[in-house]
Amino acid sequence: MMRIAPGTRRLLGIVAGIVVVAVLPRLVPEYAVTLLDYIGLYTLVALGLVLLTGVAGQTSFGQAAFVGIGAYTSAVLTTQLGYSPWLTLPIVLLLAGVLAWIVGSITLRMSGHYLPLGTIAWGISLFYLFGTLPALGGFGGISDIPSLAIGPLELRDVGHFYYLIWTLVIAALWASANLLDSRIGRAVRALKARAVMVESFGVDPARLRIQVFMFAALLAGLSGWLYAHMQRFINPTPFSLNVGIEYLFMAVVGGSGSVLGAVLGAFGVTALKEVLQSLLQRFAGESGPYELIVFGIAIVLMLQYARNGLWPLAARALAPLLGSNRTAAITAGGGQPTAPGAAVDGGQRTTPATVANAEQRQAPVALADTGRPTVPAAALERRPKADPPPGEPLLAIDDVVKRFGGLVATNHVTFAIRPGEILGLIGPNGAGKSTMFNLISGHLAPTAGQIRFAGRPLAGLLPAQIARLGMARSFQHVKLIGQMSVIENVAIGASLRAHKGFVATCLGLDSAEEDALMAEAGRQVARVGLTGHEWDAAASLPLGKQRVVEIARALCADPTLLLLDEPAAGLRFQEKQELARLLRGLRDQGMTVLLVEHDMDFVMSLTDRLVVLRFGEKLAEGPPIEIQRNPAVLEAYLGGVE
């Protein structure tokens, strides 16, 4: 069966969606069309929650309040101030965005159970605000809201409103899919479990969370605006906390990690609710919210048997029809697929050694299966290099102390690394090596002392700001997004080398930049010897290869200083030899490397100088040959004088 590329699948999906939306009202009764109107409104809110909660990991129970903001804003402006309904739409979106920025700036700083509790608090507050302000009609609500009109056509008929709602739903799905399939989207997908990692490559997690929160609020506000002019009457009840929980339930049921899960969840919950209300009322003989009992049971069953929602199950069922994304290849020059193990730049198999011993070649590379046309992509722009003042080191650690309460992790440590050298930081477990890495990269602040990079003090700078100066790092404990492909993980490293913003990304205006970014990621994957694994899930690789993926990701940032925390751990002998050749090649090209490693054979054969730590203090410093003969080092770390 012929495979269908992701971009073609997305286009076919949009066309299929338009066809279904166009013909469905002719196939179902008017009551079902009304139900589809509500499903479309719910889909907009659930879609925002898929991005906010399912992808970015920020749980919100208060999205119904933003629906109320949209509905009440338009209702007041049209009924009391005489505004045109269409003129209120930009005002609704502006107000929803501003309020989301204010609320998100406060709420999203919380973590753990405090975050959902915070969203419950402001959701309840806005609900009672709607019901108590006289200008908003109290709990009696606002009536006689004008309907929407397009020219002479007044959208009073449920069928007419249906087309408007679902046109906006398809547009929102398209924008959300564009977002997730982008540089910003990869960072959003990493926020849930790897915020520290993306921050190390120049992404500001706090800002990104607020952007996603605002996007979800805009979708909710749009849903409220549509609801107000479709119903032509509103009161606070549809914007209560209970409804907010129901929206979240829709996102979870459909599949909180997929944009199409929002449609499936909204449809499934709404349809099930209608059926249950009818059946249970008939069974019980009296009215009541009995469907909530069934929903509770359904939640328990889903958490047990389908934690990722219904869409992954549906996607697996459709996979034989749509093909798989696992066989994509990196192509060179003319865009022909490159077989695993084949050369990216010539007739010889590409390994770390063959690439590292020469300047990195900038031959155009294109992706065969990214959803975009397979054309040669331009090289990404190189990062501006931070050069230290003449005669000064690139990185200077000056009398640095780090205390954790009564524990002294580093105690008056001083050393420096010169441009273009490989410096090893060694010592027994607990010596303070990883603490020093976190101090340099900004994840920890020193208690005393100073760290300077290219002559600039790093005190007070966030990790994202330090990354912009030209640092990139790997981690002692591998920090990859396991479900993402190798090449997507590597592309996160180039976040600072692309510049299209959130809005441009949603509108699909980042195509050329994304092609160049993914091509650069492909080059770095080949550079570290992982050709053929580009579209493998990162979690499917053995630990040693996962560490190599981290190095490729760091190289994708085009750094001046490369910080490698135990890069050879888990590698076999031949892989260590190739890694050593790669690092020597990087040094020959002018890159500076600081590494922590426990494999002494690897360290001694690779580094220009070594710094030895013990109990947080510097024990010795010098060339490897001197360190091997130092009695204090031999006694403390290398196994004694014998």
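Residues numbered from 1 in each chain as written. Predicted model: local features only at pLDDT ≥ 70, side-chain atom pairs only at ≥ 80, totals over all residues. Heavy atoms only, no water.

Overview of the overall build of the protein chain
Rules: Going along the chain from the N terminus, every DSSP run of H or I of four or more residues is numbered as a helix, and every run of E of two or more is numbered as a strand. Whether two residues are in contact is decided by their heavy atoms: any pair within 4.5 Å suffices. Accessible surface area values rest on a Shrake-Rupley calculation with a 1.4 Å probe, where residue burial reflects the displayed protein chains alone.
Looking only at helices and strands, the protein chain features 23 helices and 15 strands. Restricting the contact set of the protein chain to residue pairs at least 6 apart, pairs at least 24 apart contribute 74%. Here the protein chain has roughly 27600 Å² of accessible surface; of this, 61% comes from carbon and sulfur atoms.

Thoughts on the sheet that holds strand 9 (residues 448-453)
The criterion, for reference: When DSSP finds two or more bridges between a pair of strands, those strands are recorded as paired.
One open sheet accounts for four strands, arranged 7-6-9-10; its pairing is antiparallel. For this open sheet the edge positions go to strand 7 (407-417) and strand 10 (456-457), each flanked by a neighbour on one side alone. Here five bridges tie strand 6 (residues 395-404) to strand 9, and the two strands are oriented antiparallel to one another. Pairing of Ile397 across the sheet is with Ile451, part of strand 9.

A short note on unusual backbone geometry
Backbone geometry at Asp558 places phi at a positive 55°, although glycine is not the residue there. Its location among the elements puts Asp558 in the loop between helix 19 (543-556) and strand 12 (561-565). Here the phi dihedral of Phe615 falls at roughly 55°; this positive angle occurs in a residue that is not glycine. In this fold, Phe615 is placed in the loop between strand 14 (609-614) and strand 15 (617-622).

Overview of the sheet that holds strand 15
Heads up, the rule is: Every axis corresponds to a line fitted to the C-alpha atoms, with the helix fit spanning only the stretch in contact, and the corresponding angles, defined between N-to-C directions, vary from 0 to 180 degrees.
Pairing is mixed across the open sheet formed by six strands, whose spatial order is 11-12-13-8-14-15. For this open sheet the edge positions go to strand 11 (471-473) and strand 15, each flanked by a neighbour on one side alone. Recorded for the sheet is a direction-independent mean angle of 15° between the axes of neighbouring strands. Two strands pair when backbone bridges link them, and strand 8 (residues 422-426) and strand 13 (residues 592-596) are joined in this way by four bridges, in the parallel orientation. What sits directly across from Gly424, in strand 13, is Leu595. On the sheet, helix 14 (residues 433-441) packs against strand 8, strand 11, strand 12, strand 13 and strand 14 and is oriented at approximately 150° with respect to strand 12. Seen against the sheet, helix 20 (residues 573-588) touches strand 8, strand 12 and strand 13 and runs at an angle of roughly 130° to strand 8.

A short note on the packing of aromatic side chains
As a reminder, the rule being used: Pairing of aromatic rings covers Phe, Tyr and the six-membered ring of Trp, with a centre-to-centre limit of 6.5 Å; geometry is then stacked below 30 degrees between planes, edge-to-face above 60, and tilted otherwise. Partly exposed describes any residue whose relative accessible area lies between the buried limit of under 20% and the exposed limit of over 50%, with all areas from a 1.4 Å probe on protein chains only and scaled to the type maximum. Criterion for a charge above a ring: Lys NZ or Arg CZ within 6 Å of the ring centre, and within 35 degrees of the ring normal.
Per the stated rule, a full pass over the model turns up 14 aromatic pairs. Plain terms: the ring middles of Phe127 and Phe139 are 6.0 Å apart, the flat faces sit at 65° to each other, and that makes the pair edge-to-face. Highlighted residues: Phe127 in helix 5 (residues 114-132) and Phe139 in the loop between helix 5 and strand 1 (149-150), separated in sequence by twelve residues. Overall, the relative accessible area of 15% leaves Phe127 in the buried class. Classification of Phe139 as partly exposed rests on a relative accessible area of 45%. Among the aromatic residues, those joined into a ring-pair cluster are Tyr72, Phe130, Tyr227 and Phe239. Directly above the aromatic system of Phe404 lies the positively charged group of Lys402, at a separation of 5.2 Å from the ring centroid.

Structural notes on the confidence of the model for the protein chain
Interpreting fine coordinate detail is not advised for predicted regions of low pLDDT. Quick note on the threshold: pLDDT measures how confident the predictor is about each residue, on a scale from 0 to 100.
Counting all residues, the mean pLDDT for the protein chain is 83, and 87% of those residues have values of 70 or more. The spread of mean pLDDT over the elements of the protein chain runs between strand 3 (residues 330-332), the lowest at 29, and helix 3 (residues 63-79), the highest at 96. Across residues 324-375, where pLDDT falls below 50, the model places 119 contacts with residues more than four positions away in sequence or in other chains.

Describing the environment of Phe602
Summarising the element assignment, Phe602 is placed in helix 21 (residues 600-606). The class for Phe602 is buried, based on a relative accessible area of 5%. Separated by 26 residues in sequence, Phe602 and Lys576 place their C-alpha atoms 7.3 Å apart. The contacts of Phe602, once residues within four sequence positions are left out, are Ala568, Lys576, Leu579, Ala580, Leu583 and Glu597.

A closer look at the pattern of salt bridges
Rules: Salt bridges are counted wherever a side-chain nitrogen of Lys or Arg sits within 4 Å of a carboxyl oxygen of Asp or Glu.
On inspection of all chains with the given rule, the structure shows 15 salt bridges. Salt-bridge contacts for Arg523 lead to Glu520; the nearest nitrogen and oxygen are separated by 3.2 Å. Of the two residues, Arg523 and Glu520 both sit in helix 18 (residues 511-527), three residues apart, roughly one turn of that helix. Overall, the relative accessible area of 2% leaves Glu520 in the buried class.

Quick notes on a nonpolar patch on the surface
Just so we agree on the cut-off: Patches here are clusters of residues that have more than 30% relative accessible area and form no salt bridge, with a 9 Å joining cutoff for like charges and a 5 Å cutoff for nonpolar side chains (Val, Leu, Ile, Met, Phe, Trp, Tyr).
Side chains of Leu94, Val98, Trp101, Ile102, Ile106, Met110, Tyr114 and Leu117 sit close together on the surface and give an oily, nonpolar patch of about 820 Å² of accessible area. Secondary structure elements with two or more residues in the nonpolar patch: helix 4 (85-107) and helix 5. In this fold, Met110 is placed in the loop between helix 4 and helix 5. Take Met110: its relative accessible area is 33%, and that puts it in the partly exposed class.

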